[in-house]
Amino acid sequence: MSAPKSTTRTEITPDAVRSGHRAALARAITLIESRKPEHREAARRLLHELMPSTGKAIRVGITGVPGVGKSTTIDSLGSLLTSRGHRVAVLAVDPSSTRTGGAILGDKTRMARLAADPNAFVRPSPSSGTLGGVAAKTREAMLLCEAAGFDVILVETVGVGQSETAVADLTDFFLVLMLPGAGDELQGIKKGILELADMIAVNKADDSGNRASAAAAEYRAAFHILAPQSATWTPPVITISGLTSQGLPELWEKVEDHRRRLEATSELRAKRQQQDLRWMWALIDERMRERLTSNAAVRDRVPQIEREVAAGALSPMAGADTILRTLGMDA
Ligand SMILES: Nc1nc2c(ncn2[C@@H]2O[C@H](COP(=O)(O)OP(=O)(O)OP(=O)(O)O)[C@@H](O)[C@H]2O)c(=O)[nH]1
Ligand SMILES: [Mg+2]
């Protein structure tokens, strides 16, 4: 007797992922993104079994304002790295589902070389969920990629909202792309982004004359007045062109240098340990939230409670108590 066909597609063995076949990896990621309870259990088992095969890649987060050239740079950098024998996986964190359709299209056209490269794997952002949920799925996808033998993981995120912090928390090295045009640009940077950055690359140096190096000088000065984030690393500021690949070999040299230093001082281990702890709490938050939103009794009562709280008939505390009691939690 043969197994029913409908279930065989969702059965992904750890060995299938470890074999490095992109189709198996893609299916495994689809499984971890699934919201169906039976898939979640299978996904947990799969990840659990694959954990020993994870952790060896260089994980790089890449952010910057829309249009700065993240995808273009990833396409060129990724191609450079596969030509050197690396296997490169590209993931995205984009929690705004309205943008996701566009981002998928953008990734397909702007990462054309990598999308066609047998040693690369390009995966768009999960299409729904809170930022915490999307980041958690991306982390799990990253671990699957590592188990499948990808030794460089590039995570793109658009530099608006809170997604940079989430991506910095997934990766070892956080690269911030900036546009040429100093001064104005500097004022526009969100406070905090410099503190997350392990390097700034001013992109589009190919067609901006000396505005790119002027901008780089300003960012260097900005780093000088910041308190150092690490005793072993001062974030470099370089100029690049994602379009022509100018500066990308130097960019990667810096990433490798950073990696060597962090390994030598065991900062890398400490960093990942901290990330694991925050990940655990993010999972707990996400699962609690899921229980809340999937509970039918809660769903039935929430509109009425919201109306009463909005009308001042019920205090916010009493509203929260009622909802939590409906969920079976002691107030
Ligand atoms: N001249 C020049 N143009 C570039 C460079 N990098 C990107 N571009 C152009 O800038 C535009 C945006 O590039 P993308 O790579 O899609 O930018 P992105 O940051 O990924 O954008 P989002 O994903 O929408 O946030 C495209 O038209 C690119 O061709 C560069 O180094 N030089
Ligand atoms: Mg992009």
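**Comments concerning the coordination of the magnesium ion (ligand 2)**
(1) Moving on: Within the protein, the atoms that donate to the magnesium ion (ligand 2) are Ser 71 (OG) and Glu 156 (OE), at distances of 2.1 to 2.3 Å. Taken together, the residues Ser 71 in helix α5 (residues 70–83) and Glu 156 in strand β4 (residues 152–158) connect sequence positions 85 residues apart.

**A few points about the side chain of Ser 230**
(1) Moving on: By the secondary structure assignment, Ser 230 is in the loop between α12 (211–225) and β7 (237–239).
(2) Moving on: Here Trp 233 takes part through its backbone nitrogen, which lies 3.2 Å from a polar atom of the side chain of Ser 230.
(3) Moving on: A polar contact of 3.3 Å, which involves the side chain of Ser 230, links it to the side chain of Glu 267.

**Some thoughts on the confidence of the model for the protein chain**
(1) Moving on: For the protein chain, per-residue confidence averages 87 on the pLDDT scale, and 89% of positions sit at 70 or higher.
(2) Moving on: Predicted confidence in the protein chain is weakest over helix α1 (residues 5–8), with a mean pLDDT of 45, and strongest over α5, with 97.
(3) Moving on: Across residues 1–8 the pLDDT falls below 50, and counting only partners more than four positions away or on other chains, this stretch makes two contacts in the model.
(4) Moving on: Counting interchain partners and residues more than four positions distant, the pLDDT-below-50 stretch residues 97–102 has five contacts.

**Description of the pattern of salt bridges**
(1) Moving on: Enumeration over the complete set of coordinates arrives at twelve salt bridges.
(2) Moving on: With a closest N to O distance of 3.2 Å, Arg 123 and Glu 33 form a salt bridge. Here Arg 123 is found in the loop between β3 (120–122) and α8 (131–147), whereas its partner Glu 33 is found in helix α3 (residues 22–33), with 90 residues between them in sequence.
(3) Moving on: Under the relative-accessibility criterion, Glu 33 is labelled partly exposed at 24%.
(4) Moving on: Here Asp 169 ties to Arg 278 by a salt bridge, and the two come within 2.6 Å at their closest N and O atoms. With a gap of 109 residues between them, Asp 169 in the loop between α9 (163–168) and β5 (173–178) and Arg 278 in helix α14 (residues 267–294) connect regions that are remote in the sequence.

**Details of α3**
(1) Moving on: For α3, built from twelve residues, the straight-helix expectation of 16 Å at 1.5 Å per residue is met to within 8% by its first-to-last C-alpha distance of 16 Å.
(2) Moving on: Those residues of α3 that fall on the buried side of the exposure criterion are Ala 24, Leu 25, Ala 28, Ile 29, Leu 31 and Ile 32. In an axial view of α3, the angular spread of the buried residues amounts to 155°, which keeps them on one side of the axis.

**Here's the deal with unusual backbone geometry**
(1) Moving on: A positive phi angle, near 75°, is found at Ser 245, a position not held by glycine.
(2) Moving on: Within the chain, Ser 266 stands out as a residue other than glycine whose phi angle is a positive 55°.
(3) Moving on: Relative to the elements of secondary structure, Ser 266 occurs in the loop between α13 (248–264) and α14.
(4) Moving on: For Ser 266, a relative accessible area of 44% corresponds to the partly exposed category.

**Notes on the environment of His 21**
(1) Moving on: Structurally, His 21 can be placed in the loop between α2 (14–18) and α3.
(2) Moving on: By relative accessible area, His 21 is classed as exposed at 54%.

**Digging into the pairing of strand β6 (residues 199–202)**
(1) Moving on: Covered by surrounding structure in β6 are Met 199 and Ala 201 together with Ile 200 and Val 202, the residues of both alternating faces.
(2) Moving on: In this sheet, β6 lies alongside β5 in parallel orientation, the contact comprising four bridges. Considered in β6, the bridge of Leu 175 is made with Met 199.
(3) Moving on: Pairing between β6 and β7: three bridges, direction parallel.

**Re the sheet that holds β3**
(1) Moving on: If you walk across this open sheet you meet the seven strands as β3-β2-β4-β1-β5-β6-β7, and the pairing is parallel. This sheet does not close on itself; its edge strands, each paired only once, are β3 and β7. Averaged over all neighbouring strand pairs, the angle between strand axes comes to 20°, with direction disregarded.
(2) Moving on: The pairing of strand β1 (residues 58–64) with β5 spans four bridges and is classified as parallel. Residue pairing in the sheet places Gly 61 in a bridge with Phe 174 of β5.
(3) Moving on: Where α5 meets the sheet, its contacts fall on β1, β2 (88–93), β3, β4 and β5, and the angle it forms with β4 comes to roughly 175°.
(4) Moving on: α8 rests against β1, β2, β3 and β4 of the sheet, and its axis sits at about 175° to β2.

**Comments concerning a nonpolar patch on the surface**
(1) Moving on: Judged by side-chain polarity, Leu 277, Met 280, Trp 281, Ile 284, Met 288 and Met 329 come together as a nonpolar surface patch covering roughly 580 Å² of accessible area.
(2) Moving on: Residue position: Met 288 is located in helix α14.

**Structural notes on the site of ligand 1**
(1) Moving on: The immediate surroundings of ligand 1 are formed by 19 residues, with Lys 70, Ser 71, Thr 72, Arg 110 and Asp 206 found nearest.
(2) Moving on: Take Gly 69: an N or O atom from its main chain is 3.0 Å from an oxygen atom of ligand 1.
(3) Moving on: Thr 72 places a polar side-chain atom, nitrogen or oxygen, 2.5 Å from an oxygen atom of ligand 1.
(4) Moving on: Protein chains shield 79% of the accessible area of ligand 1, which is 650 Å² for the free molecule.
(5) Moving on: The set of elements that each furnish at least two residues to the shell around ligand 1 consists of α5, α6 (97–110) and β4.
(6) Moving on: For the shell around ligand 1, the element with the highest residue contribution is α5, accounting for three residues.

Calculation rules
- Residues numbered from 1 in each chain as written.
- Chains lettered and ligands numbered in written order.
- Predicted model: local features only at pLDDT ≥ 70, side-chain atom pairs only at ≥ 80, totals over all residues.
- Heavy atoms only, no water.
- Donors = N, O, S within 2.8 Å, 3.2 Å for Na, K, Ca; no water.
- Helix = DSSP H or I, 4+ residues; strand = E, 2+ residues; numbered from the N terminus.
- Polar contact = N/O pair within 3.5 Å; in protein donor to acceptor, adjacent residues only side chain to side chain.
- pLDDT = per-residue confidence, 0-100.
- Contact = heavy atoms within 4.5 Å.
- Salt bridge = Lys/Arg side-chain N within 4 Å of Asp/Glu carboxyl O.
- Buried < 20%, exposed > 50% of the residue type's maximum accessible area, 1.4 Å probe, protein only.
- Expected span 1.5 Å × (residues − 1).
- Arc of directions from axis to C-beta.
- Pairing = 2+ DSSP bridges.
- Axes fitted to C-alpha atoms, helices over the stretch in contact; angles between N-to-C directions.
- Patch = residues over 30% accessible without salt bridge, like charges linked within 9 Å, V, L, I, M, F, W, Y side chains within 5 Å.
- Areas by Shrake-Rupley, 256 points an atom, 1.4 Å probe, with all protein chains shown as cover.
- Near = heavy atom within 4 Å.

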